[in-house]
Amino acid sequence: MFHLALVFLAIVSLVLLWYVGSFIASPLREYPGPFLAKFTDWWRVANTVDSHNIALRLHEKYGPVVRMGPNVLSISDATYAKIIYSTRGNYLKSDYYAVNDIIQNGFRIQNIFSTRSNEFHRKYIRPISKTYSMANILTLQPLADRTTETFCRRLEEEFIDGKNAGRTCNLVDWMLYYAWECVAEVTFDEPIGFLEKGNDIDGMLYTADRALGYFSHVGQMPGLDKYLAKNPYYRLGPPSIDWAGKYAAMRLVPRLQAKQKGKNGDFLDNFIGLKEEYPDTVDENVIVGYMLINLLAGADTTAITLRAIFYYLLKNPAAYANAVKELEAANLQLPIQYAVTEKLPYFSAVVREAMRLNPGLGVMLERVVPAGGLALEDGRTIPAGTIVGLNPWVTGRDKGAFGEDAYEFRPERWLQGDGESDADFTARSKVMKDADLTFGGGNRVCIGKNLALMEIYKIVPTLLLKYKFELTEPDREWRVDCKFFMVQDRLNAKVSRR
Ligand code: HEM
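Calculation rules
- Residues numbered from 1 in each chain as written.
- Predicted model: local features only at pLDDT ≥ 70, side-chain atom pairs only at ≥ 80, totals over all residues.
- Heavy atoms only, no water.
- Helix = DSSP H or I, 4+ residues; strand = E, 2+ residues; numbered from the N terminus.
- Rg over C-alpha atoms; globule rule 2.2 N^0.38 Å.
- Buried < 20%, exposed > 50% of the residue type's maximum accessible area, 1.4 Å probe, protein only.
- Contact = heavy atoms within 4.5 Å.
- Areas by Shrake-Rupley, 256 points an atom, 1.4 Å probe, with all protein chains shown as cover.
- Lys, Arg positive; Asp, Glu negative; His and termini not counted.
- Charge placed at Lys NZ, Arg CZ, Asp CG, Glu CD.
- Pairing = 2+ DSSP bridges.
- Axes fitted to C-alpha atoms, helices over the stretch in contact; angles between N-to-C directions.
- Near = heavy atom within 4 Å.
- Polar contact = N/O pair within 3.5 Å; in protein donor to acceptor, adjacent residues only side chain to side chain.
- Nonpolar A, V, L, I, M, F, W, Y, C, P; charged D, E, K, R; others polar.
- UniProt positions renumbered as here; feature names shortened; annotations may be inferred.

Chemist: Requested: an account of the overall build of the protein chain, with residues and values cited.
Modeler: Along its length, the protein chain carries 20 helices and 14 strands. Against the globule reference of 23 Å for 498 residues, the protein chain gives a C-alpha radius of gyration of 24 Å, in line with a compact fold. Considering only C-alpha atoms, the protein chain reaches an extent of 80 × 65 × 50 Å along its principal axes. The burial tally for the protein chain puts 53% of its 498 residues in the buried class. Across the protein chain, contacts joining residues at least 24 apart in sequence account for 71% of those joining residues at least 6 apart. Counting every atom, the protein chain has about 23,100 Å² of accessible surface; 57% of that belongs to carbon and sulfur. If the 59 positive side-chain charges of the protein chain are averaged to one point and the 58 negative ones to another, these points end up 3 Å apart.

Chemist: With reference to specific residues and values, describe the sheet that holds strand β7 (residues 367-368).
Modeler: With respect to topology, five strands assemble into an open sheet ordered β1-β2-β10-β7-β3, the strand pairing being mixed. Only two strands of the sheet have a single partner each, and these edge strands are β1 (65-69) and β3 (92-93). Alignment of strand β2 (residues 72-75) against strand β10 (residues 387-389), held across three bridges, turns out to be parallel. Across the sheet, Leu73 pairs through a bridge with Val388, a residue of β10. Sitting on the sheet, helix α3 (residues 51-62) is in contact with β1 and β2, with an inclination near 135° to β1.

Chemist: Before we move on, could you go through the pairing of strand β11 (residues 467-471) and cite the residues and values that matter?
Modeler: It is a general feature of regular strands that their side chains alternate between the two faces of the sheet. With burial as the criterion, only one face of β11 is covered, namely that bearing Tyr467, Phe469 and Leu471; the residues Lys468 and Glu470 on the opposite face remain uncovered. The sheet contact formed by β11 and strand β14 (residues 492-497) spans five bridges and is antiparallel. Its bridge partner lying in β14, Leu471 is registered against Ala493.

Chemist: Tell me what's going on with the site of the ligand, and back it up with residues and numbers.
Modeler: If you check the shell around the ligand, you find 28 residues, and the closest are Tyr97, His121, Arg367, Arg444 and Cys446. The side chain of Arg367 places a nitrogen or oxygen atom 2.8 Å from an oxygen atom of the ligand. The separation between an oxygen atom of the ligand and a polar side-chain atom of Arg444 is 2.8 Å. Residue contributions to the shell around the ligand peak at seven residues, all from helix α13 (residues 284-315). Here the residues of the shell around the ligand sort into 15 nonpolar, 10 polar and three charged.

Chemist: Any chance you could break down the UniProt feature "binding site: heme" (unreviewed entry) in the protein chain for me, citing the residues and the numbers?
Modeler: If you check UniProt for "binding site: heme" (unreviewed entry), the listed places come out as Cys446 in our numbering. Topologically, Cys446 is positioned in the loop between α19 (422-435) and α20 (449-466). Residue class for Cys446 comes out partly exposed when judged on its relative accessible area of 33%.

This is the structure we're talking about:
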């Protein structure tokens, strides 16, 4: 018994010594941050859900560079974005993203989002970059219009007409159904059925949400992943999202067999066409991977943005009224075309402002400092191998870039002020745009930006023109949790015809 206690004591002492030793020897010890974060990444794991607000508070307290983990520094000064997220891509993604890989037949499979290799990234992004250009995305508008029609019909059935008139609409759920259906329509020309059912189907959305929760927590300490979801003996993790791969494969196989390619005009047609153009890169597995990216990266992020636009408009009646006035004055024809609404200054300002305050991702977009280190303006150099990054949630609230009212929703900030010269406005806009990391930056910038914007600039004006939305509890704040994506809750509204 005495011996056991001694062994235990010795182990504890060694672990403590190791932590203290690493702390003293760390080249990052001069950077301020929470005490526990300097010793262990468990501090980050434990604070994941509220990490966006914590990061804001820490930067206010400690300044532009904060130590968030033994080897992690968060930077809030957006001028470093151009260096860290450069088109050269010399700051590689950290192992956070490796948690998003999958293991298939014992092999680790990366994807264009998760890969840490520029070579892999270039190889698989090259074939599809044209597919995501705005010119091609605009050809998908008729598919998105179909989702809009279904969405409006289902809103009317569930919340406006007949016995359902006046029922409360949970906009958190319904925006998610819309975003999944729209991305499914443009990807493989058919809906999944969330809008028709008005609910999750076979736990698809539930498992996707659990997977996000896992990714966001374990990503802070990626070494854990090999003992959890990638454990070769017994998988310990969230419910698997295998359904998504199977679902995508089930759309691909009949399309290939029926030789219907090119008839649907959707992403899948585009991807199948790439097999001939890039025979060494694109095969059936790669096509399924491309389809999965659309579903898993494109649905939640767009839903989050739609919810943010509605939340901030509903909380700011003057902005809501201004947006509707501008839309009415534009004499829009249904189905609304992106090219028309994209030119409306006030509406565009509303979209930008909502994305600024509630970007789809509210985490540090982690990158690894390359050889030579990162030179800071104050003369210090962050050593190679350190994980650094900026958080769109933090840079979007930077008072230096957006002014003292940076925490407020004020679309007008994106417009030229009365008496503001063209030159001043251009300079001010540039500072704001540089601090806006809603879609990331550099060689790993969001590939789906054009798709998301096409959807947003069509569905939001349609809804604002057709319906009146009113919060059921106007004084209540909503809730936003960081699950890598910024997942909101508590956004209930009454909907009626205008
Ligand atoms: C408003 C909606 C969206 C927002 C706010 C958003 C945001 C982002 C951000 C911030 C990144 C950079 C991540 C990082 O550096 O760690 C990113 C990357 C990415 N996004 Fe989006 N996204 C949106 C919509 C979409 C859509 C619709 C798609 C689907 C086609 C998509 C696919 C991707 C992919 C594949 C990447 C990884 C790109 C790469 O590493 O090369 N996103 N997104």
